[in-house]
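Structural features, examined
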Amino acid sequence: MESDSDTQSDVDLLILDYLLCTSIYGLVHTRGVEAQEQTSQCDLDWHIDTVYAIKSVFPHSGLLPDDFQAKVRLFEFANALRWYPNARVASQIRQPGLCSSGYWPTEKPISLSELTETFITLCRTIGTRLPEATWGDIAAQFVVQAAVEEYRKSESSASLSKHIAWAKKMSDQTANMNEAFTKCISYLQPPHGASLSVHMRIVSTKFPIDKFKCAVFDTLAKIMKVLEPPVLIQLERGQLWGLSRAETKQLKERVGLK
């Protein structure tokens, strides 16, 4: 019985890995645009809901392989970004019944500051396989977008100053990306004598959120390329990671796959 249970867990993991990747690619393909064909929208929502449902049966997600955990984080990040800035919808998709991970808090809307830190953590987790040049500029642009969001909440110089200080702290933690962060932070500081509200409108126009979201999803697609493909897709392609095609064929024959 224990063997059957282990086998079922392995099968569930294979299915979850496959659904995770297809969901991520679906999110990247739609780029968070809500105006899609209803069929495509329903298919994507089904994949996403199924991922959360299957994931909920794994009590010790921290024991999953590093690549798998990276995919889970990437999936949750992409799904959160998909709905931004529609806080009402974002809140709905993060209800306990759908998002059992609790990765995103349900008591408040998603903020770009949260997404910024999550994005940087995600990219760092993947390590040397993902060059900082691939994601450094996007991380810096996240800082600008988060600053615009925070300013709009209060329209106060104190709020902007606080966020600039936060951005500089983030920059200090990413030594190799200081130049990109410094450049973006400079955009946030208004010229001497300029109206802060006018300046922030100019910044917002210079960095449109929709274009930025598309750039983020493009980066997520690049991240997926350095992660291990799902085993089911590897088998479909005829070669498992770490094995030659001949070795993969022998393994498939040994376990009764053709």
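Refer to the structure presented above.
Counting restarts for each chain: residues are numbered from 1 in the order of the written sequence. This being a predicted model, a pLDDT of at least 70 is required before a residue's local features are given, and a value of 80 or more before pairs of side-chain atoms are given or counted; all residues contribute to the totals for chains, interfaces and linings. With hydrogens and water set aside, each side-chain value is computed from the structure's full complement of heavy atoms.

Any Phe, Tyr or Trp ring, taking Trp's six-membered ring, that has another such ring centre within 6.5 Å forms a pair; planes under 30 degrees apart are called stacked, those over 60 apart edge-to-face, and the others tilted. Applying the stated criterion across every chain yields a total of 7 aromatic pairs. Ring centres 5.8 Å apart and planes at 35° place the aromatic pair F77 and F119 in the tilted group. Placement of the pair is F77 in helix α3 (residues 66–83) and F119 in helix α5 (residues 112–126), with a sequence separation of 42 residues. With 6.1 Å between their ring centres and 65° between their planes, F77 and F142 make a pair best called edge-to-face. Highlighted residues: F77 in helix α3 and F142 in helix α6 (residues 132–154), separated in sequence by 65 residues. Members of the aromatic cluster, each reached through a chain of ring pairs, are F77, F119, W135, F142 and F212. Each helix corresponds to a stretch of at least 4 residues labelled H or I by DSSP, and each strand to a stretch of at least 2 residues labelled E; elements are numbered beginning at the N terminus.

Right, let's get into unusual backbone geometry. Glycine aside, a negative phi is what most residues show, and trans is what most peptide bonds show. In this structure, E155 takes a positive phi of about 50° despite not being glycine. One can find E155 in the loop between α6 and α7 (157–172). For every residue, the accessible area obtained with a 1.4 Å probe (protein chains only) is divided by the maximum for its type, and the residue is called buried under 20%, exposed over 50%, and partly exposed between those limits. A relative accessible area of 58% places E155 in the exposed class.

With that out of the way, let us pick up the pattern of salt bridges. A side chain with one charge may pair with a side chain of the opposite charge, provided their charged atoms come close. Salt bridge criterion: a side-chain nitrogen from Lys or Arg within 4 Å of a carboxyl oxygen from Asp or Glu. On inspection of all chains with the given rule, the structure shows 4 salt bridges. Where D45 meets R82, a salt bridge forms, and the shortest distance between an N and an O atom there is 2.8 Å. In this pair, D45 sits in helix α2 (residues 38–55) while R82 sits in helix α3, placing the two residues 37 residues apart along the sequence. Close ionic contact of E150 with K153 constitutes a salt bridge, the shortest N to O distance being 3.2 Å.

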